[in-house]
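# Close look at the chain arrangement
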Amino acid sequence: MKKYDFAIVGATGMVGRTFIKVLEERNLPIGSIYFFASARSAGSSITFLEKEYFVEELNEHTFDRNIDIALFTAGGDSGDIYAPIPKPEGTAVIDNSRAWRSDPSVPLLVPALHREDMEKNNGIIGNQNF
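Residues numbered from 1 in each chain as written. Predicted model: local features only at pLDDT ≥ 70, side-chain atom pairs only at ≥ 80, totals over all residues. Heavy atoms only, no water.

### Comments concerning the environment of Thr 12
Considering the arrangement of structural elements, one finds Thr 12 in the loop between strand E1 (4–9) and helix H1 (14–26). Note on Thr 12: relative accessible area 23%, which makes it partly exposed. For the pair Thr 12 and Ala 42, spaced 30 residues apart in sequence, the C-alpha to C-alpha distance is 9.1 Å. Once residues lying within four places of it in the same chain are set aside, the contact partners of Thr 12 are Arg 17, Ala 37, Ser 41, Ser 44, Ile 46 and Val 55. (Helix = DSSP H or I, 4+ residues; strand = E, 2+ residues; numbered from the N terminus. Buried < 20%, exposed > 50% of the residue type's maximum accessible area, 1.4 Å probe, protein only. Contact = heavy atoms within 4.5 Å.)

Below, the structure written as structure tokens:
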């Protein structure tokens, strides 16, 4: 079974920690996982599947590695600035921020309702954030 490399951007926030918990519960085929946050949270640690990881600062070089799926839940302008960066490398970005919700070129999907549309994107998928 293929394993996927994940990144969680905004990992130290409440939603980021919820993403982490859900990934642990789902037992997905995860190869590597990376955790990113602001400079203020960089250097802190996160436990995922009983292994400790250090949180890295989100910057323009964050995606200079293989990442298949990046879950964005960072606040401020992080989604605007950093979500487009992985596209040329083939990373699928699922953005939970407000950054892409009004962009007509970015599908706004609820996976349980729009599963057939998941592949129709330009590298970024918006999330409704109910």
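That was the structure; now back to the text.
### Quick look at the nonpolar core
Core analysis: the largest hydrophobic core is formed by 14 residues, its most contacted members being Ile 8, Ile 20, Leu 23, Ile 33, Phe 35 and Phe 48. At the level of elements, E1, H1, strand E2 (30–37) and strand E3 (45–48) are the ones that each hand at least two residues to this core. Ignoring any residue separated from it by four or fewer positions in sequence, one finds Ile 33 in contact with Phe 6, Ile 8, Leu 23, Phe 48 and Tyr 53. Ala 7, Ala 70, Phe 72 and Val 93 belong to the second-largest nonpolar core, a separate cluster that totals 10 residues. (Core = buried A, V, L, I, M, F, W, Y, C linked by side-chain atoms within 4.5 Å.)

### Notes on the pattern of salt bridges
Per the counting criterion, the structure on display carries one salt bridge. The partner of Glu 56 in a salt bridge is Arg 65, with the nearest N and O atoms 3.0 Å apart. Judged by its relative accessible area of 29%, Glu 56 is partly exposed. Assessed through its relative accessible area of 26%, Arg 65 is described here as partly exposed. (Salt bridge = Lys/Arg side-chain N within 4 Å of Asp/Glu carboxyl O.)

### Considering the environment of Leu 71
Note that Leu 71 resides in strand E6 (residues 69–72). On the basis of relative accessibility, which here comes to 12%, the residue Leu 71 falls in the buried class. For the pair Leu 71 and Gly 16, spaced 55 residues apart in sequence, the C-alpha to C-alpha distance is 8.5 Å. Not counting the four nearest positions on each side in its chain, Leu 71 is found in contact with Phe 6, Ala 7, Ile 8, Val 9, Phe 19, Leu 23 and Ile 94.

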